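# Structural features, examined
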There are 2 protein chains.
Amino acid sequence: MRAHRNRPTIYTVARHAGVSIATVSRALSGGSRVREETERRVVESSLKVGYRPNGAARALQRLRHGSIGVVFPNLSRPYYAGVLMGVEEAANRLGLSVLIAGTQGRPGPEQLVLDLTSKVDGLVVFGRTVPDEMIAELRRQGTPTVLLARPRVDGEDTVRSENREAARALAAHLLEHGHKSIGFIGDTHSSPDCAERWSGFLAAHQEAGLAGPAWPELSALLEAEGYQVALRLLGADNRPTALFCANDDIATGAYAAARELKLRLPGDVAITGWDDVPTARYFSPPLTTVRQPLAELGARAAELLQARVEGDESEPVNALLPTEIVFRASCGCRSRRRPRGGASS
Amino acid sequence: MRAHRNRPTIYTVARHAGVSIATVSRALSGGSRVREETERRVVESSLKVGYRPNGAARALQRLRHGSIGVVFPNLSRPYYAGVLMGVEEAANRLGLSVLIAGTQGRPGPEQLVLDLTSKVDGLVVFGRTVPDEMIAELRRQGTPTVLLARPRVDGEDTVRSENREAARALAAHLLEHGHKSIGFIGDTHSSPDCAERWSGFLAAHQEAGLAGPAWPELSALLEAEGYQVALRLLGADNRPTALFCANDDIATGAYAAARELKLRLPGDVAITGWDDVPTARYFSPPLTTVRQPLAELGARAAELLQARVEGDESEPVNALLPTEIVFRASCGCRSRRRPRGGASS
DNA sequence: GCCGCCAATGTAAAGGCTTACATAGGAGCG
DNA sequence: CGCTCCTATGTAAGCCTTTACATTGGCGGC
């Protein structure tokens, strides 16, 4: 029941090559102070015996795990998967490994996150997956943390994409198309990003001198809920003529609801999404949506974290990455071109 | 430039609580042979100083990392993301952490995988992400490995979902709908799963006494390529009346191509997919597709791997998980119900 | 009242690696 | 020819845990 086959260690290689373990270590990683012929012999031996350095021993000695952790709710939305890929790609480039922890369907994220801190040098934490107190606790323990897609927290690094201005511009665009009654579907409670979009959405109404809806239509960020909510909204007597969906999944549900009610898109209802999922351009009509720099969000987070791990003590960073409105046909635009005003943010 | 704030160690706690490090260790993990009052004091101290055990030291001592690695191409397809979530969930349940490695866009997977083996007890490897020689090398090094969605390799554990029989049944179903000319779109070269679907697709034709197409229409498993290929196929003089797409992304592209050519679905062309992505039921018409047990695939792989890590030396396992055809309207069925024959596999 | 035993705790070794410091041996120079 | 210095290599300490083994002190039994 112990290690199921004793893996070769640095001693195995040393014996095989007839040198000391220090020389093996130097030949394989140091790259310094080893005679060329010795190095060759050591490399040969290490291959022959199938040696792989033990990461735990290395981490212990170096006082660094060489790994970072990422905490997210789930991967079923392309958004999280995309950002995670960005983290992974950047981490790999920096020579770091990535440990993952999904919080969805777990009793509480606290234990999960605490356990992670035993194995990583730092943490990337998505949105509201862990409570503020936990963030503070991490700081107290000395685990560097970068917050993703979450409003500023005192003294913590944050990476987000621009939401408010893009939402304002997109809502303004719908208003320019002549829509007077636009519904907003999304979960402003549990998604900070979503709350910002709502805020921009309202701002556009104010600028146009319109009241706009009093509340967002709450819906989980999923197709099924979007469908239900859209069905209710579009089935009402004073139905909105446009639907501003907080992400493309909700928009997907809204499309289905509109079709079920025999409403034409975008003639009877205009619909917009958010995220620009790969399939968005294949919607019928193609979906007007907002593209976030997913990979870059992840990469920035990883790079920032790495700097903190290396001891960078400078002021907390609050990175805001630009988003881009992708005008397609579902908002009422004819072509897939960008319309008149420089409404992209 | 060293560790940016010296984290408390077990010595810090011991000093704070006025006991030896052995007692701290026992109080925090052993749970044995410690006076109740002592345990309380130790726990209090550990909280007060913000102690977290060092995973590297623990792993070194225990001769086990307590982590497994997952190697996949990317996460942009929901398929990989879903299986990864399954791995993560099961690993968490088993007290393991998950390290990820995406191979897409990397020079070669070899170095990536080798580096991983320094930090994990075992590896879950997707499809053709790493070459056979590498698999053999892993075995030689003593890193237990489970292969996912990949045909049997001598002496290795494999977890797959059923492809051939489901594909046969689905193709037979299309033939029963009266289709004589069905196109198959997918990448049989680089995806083993896809090759099996092609094989089942052919089998259905044989059983029906039909020749069927001579080759699969090669296409990457992405919307864009599916769109291009479908456009070519459906634009030809002797266009097929049905399209058997190797996954839902390709089907998405095919829908767009059919709409562009003003073909009605499913009247002029029937289309089927594979994977049952969350949006499939919201397609217009709703997509007939095949559901794979994503989470379970991942969970089985993780559990199997864990057993091997624990020293299980029994015969290699070759798990085949059942799939389920989800009949919706795009194949020509009226309702979303399952049609006559027990065609699900 | 002494011995033995047990519960609670302490001491120290081991796990695999990196690296500061020690050593050896050869080259270059006077 | 001997001394110095430098290069290649070796020796050993230390990174933080867990745990086998040692120690201590109190209690029951004789």
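Residues numbered from 1 in each chain as written. Chains lettered and ligands numbered in written order. Predicted model: local features only at pLDDT ≥ 70, side-chain atom pairs only at ≥ 80, totals over all residues. Heavy atoms only, no water.

## A look at the side chain of B:His65
Test applied: Secondary structure elements follow DSSP: runs of H or I of four or more residues count as helices, runs of E of two or more count as strands, with numbering from the N terminus. Throughout, exposure labels follow a simple rule: accessible area from a 1.4 Å probe, protein chains only, divided by the maximum for the residue type, with under 20% read as buried, over 50% as exposed, and the rest as partly exposed. Counted as a polar contact is a pair of N or O atoms within 3.5 Å, where, for protein atoms, one must be capable of donating a hydrogen and the other of accepting one, and residues adjacent in sequence contribute only when both atoms are in side chains. Contacts are residue-level and defined by heavy atoms, with any inter-residue pair within 4.5 Å sufficient.
Inspection of the secondary structure puts B:His65 in the loop between α4 (55-62) and β1 (67-72). The exposure class assigned to B:His65 is buried, which follows from its relative accessible area of 17%. Among the polar contacts listed, one links the side chain of B:His65 to the backbone oxygen of B:Ser118, at a separation of 3.3 Å. The contact partners of B:His65, leaving out residues within four places of it in the chain, are A:Asn54, A:Gly55, A:Ala56, A:Lys119, B:Ala59, B:Ser118, B:Lys119, B:Val120 and B:Asp121.

## Focus on the protein's contact with DNA strand C
Note the cut-off: Throughout, the term near means that a residue has one or more heavy atoms lying within 4 Å of the molecule or strand in question.
If you check the shell around DNA strand C, you find 28 residues, and the closest are A:Ile10, A:Ser25, A:Tyr51, B:Thr23 and B:Thr38. Here, DNA strand C places atoms within 4 Å of the protein, and 61% of those atoms are sugar or phosphate. The contact in question runs from a base nitrogen of DNA strand C to an N or O atom on the backbone of A:Ala57, over 3.3 Å. One nitrogen or oxygen atom from the main chain of B:Arg35 is found 2.8 Å from a phosphate oxygen belonging to DNA strand C. Mapped onto the surface near DNA strand C, the elements with two or more residues apiece are α1 (10-17), α2 (21-30) and α4 (55-62) of chain A together with α2 (21-30) and α4 of chain B.

## Digging into the relation of the copies chain A and chain B
What counts here: Least-squares superposition of the copies uses the C-alpha atoms of those residues scoring a pLDDT of at least 70 in each of them.
Superposition record for chain A on chain B: RMSD 0.1 Å, screw rotation 180°, translation along axis 0.0 Å. The symmetry that links the two subunits is that of a two-fold axis. Looking at the interface residues of chain A, 100% of them are also at the interface in chain B, so both copies use one shared face.

## A word on the domain arrangement of chain A
The cut-off we apply is this: Source of the domain bounds: an automatic or database domain assignment.
What the domain assignment reports for chain A is domain 1 (10-53), domain 2 (66-162 + 294-322) and domain 3 (164-292). For domain 1 of chain A and domain 3 of chain A, the distance between their C-alpha centres works out to 62 Å.

## With respect to the pattern of salt bridges
Filter applied, for reference: We define a salt bridge as a contact between a side-chain nitrogen of Lys or Arg and a carboxyl oxygen of Asp or Glu at a distance within 4 Å.
Inspection of the entire model under this criterion finds 46 salt bridges over all chains. Of the charged contacts in the structure, one is a salt bridge between A:Asp115 and B:Arg52, with a shortest N-O distance of 4.0 Å. Of this pair, A:Asp115 sits in helix α6 (residues 109-117) while B:Arg52 sits in the loop between α3 (36-49) and α4, on two different chains. Two residues, A:Arg140 and A:Glu137, come together in a salt bridge whose shortest N-O distance is 3.2 Å. Taken together, the positions of A:Arg140 and A:Glu137, both in helix α7 (residues 132-141) and three residues apart, correspond to about one turn of that helix. When its relative accessible area of 36% is taken as the criterion, A:Arg140 is described as partly exposed. Within this structure, A:Asp276, A:Arg291, A:Glu324 and A:Arg328 form a network of salt bridges that share partners.

## Section: the packing of aromatic side chains
Residue and element names in this part refer to chain A. In plain terms, the rule: Aromatic rings from Phe, Tyr and Trp, with only the six-membered ring used for Trp, were paired whenever their centres fell within 6.5 Å, and each pair was classed as stacked if the ring planes differed by under 30 degrees, edge-to-face if by over 60, and tilted otherwise.
Here the structure, examined in full by the defined rule, presents 22 aromatic pairs over all chains. Judged by centre distance (5.1 Å) and plane angle (70°), the ring pair of Phe184 and Trp198 falls under edge-to-face. Here Phe184 is found in strand β6 (residues 182-186), whereas its partner Trp198 is found in helix α9 (residues 192-207), with 14 residues between them in sequence. Both residues of the pair, Phe184 and Trp198, count as buried. Taking the centre distance of 5.4 Å and the plane angle of 15° together, the rings of Phe184 and Phe244 count as stacked. With a gap of 60 residues between them, Phe184 in strand β6 and Phe244 in strand β8 (residues 242-245) connect regions that are remote in the sequence. For Phe184, a relative accessible area of 1% translates into the label buried. Accessibility expressed as a relative area gives 0% for Phe244, which makes it buried. Of the aromatic side chains, those joined through ring pairs into one cluster are Phe184, Trp198, Phe201, Phe244 and Trp274.

## Some details on the protein's contact with DNA strand D
Filter applied, for reference: Amino acid classes used here: Ala, Val, Leu, Ile, Met, Phe, Trp, Tyr, Cys and Pro are nonpolar; Asp, Glu, Lys and Arg are charged; the rest, including Gly, are polar.
Contacts to DNA strand D come from 28 residues, most closely from A:Thr23, A:Thr38, A:Gln61, B:Ile10 and B:Ser25. Put simply, 61% of the atoms of DNA strand D that lie within 4 Å of the protein are in sugar or phosphate. A:Gln61 is positioned with one of its side-chain polar atoms (N or O) 2.3 Å from a base nitrogen of DNA strand D. Within the side chain of B:Arg58, one N or O atom sits 2.8 Å away from a phosphate oxygen of DNA strand D. Going through the elements one at a time, α2 and α4 of chain A together with α1 (10-17), α2 and α4 of chain B are the ones with two or more residues in the surface near DNA strand D. Element by element, the count of residues in the surface near DNA strand D is highest for α2(B), at five residues. A breakdown of the residues in the surface near DNA strand D according to their chemical character gives twelve nonpolar, nine polar and seven charged.

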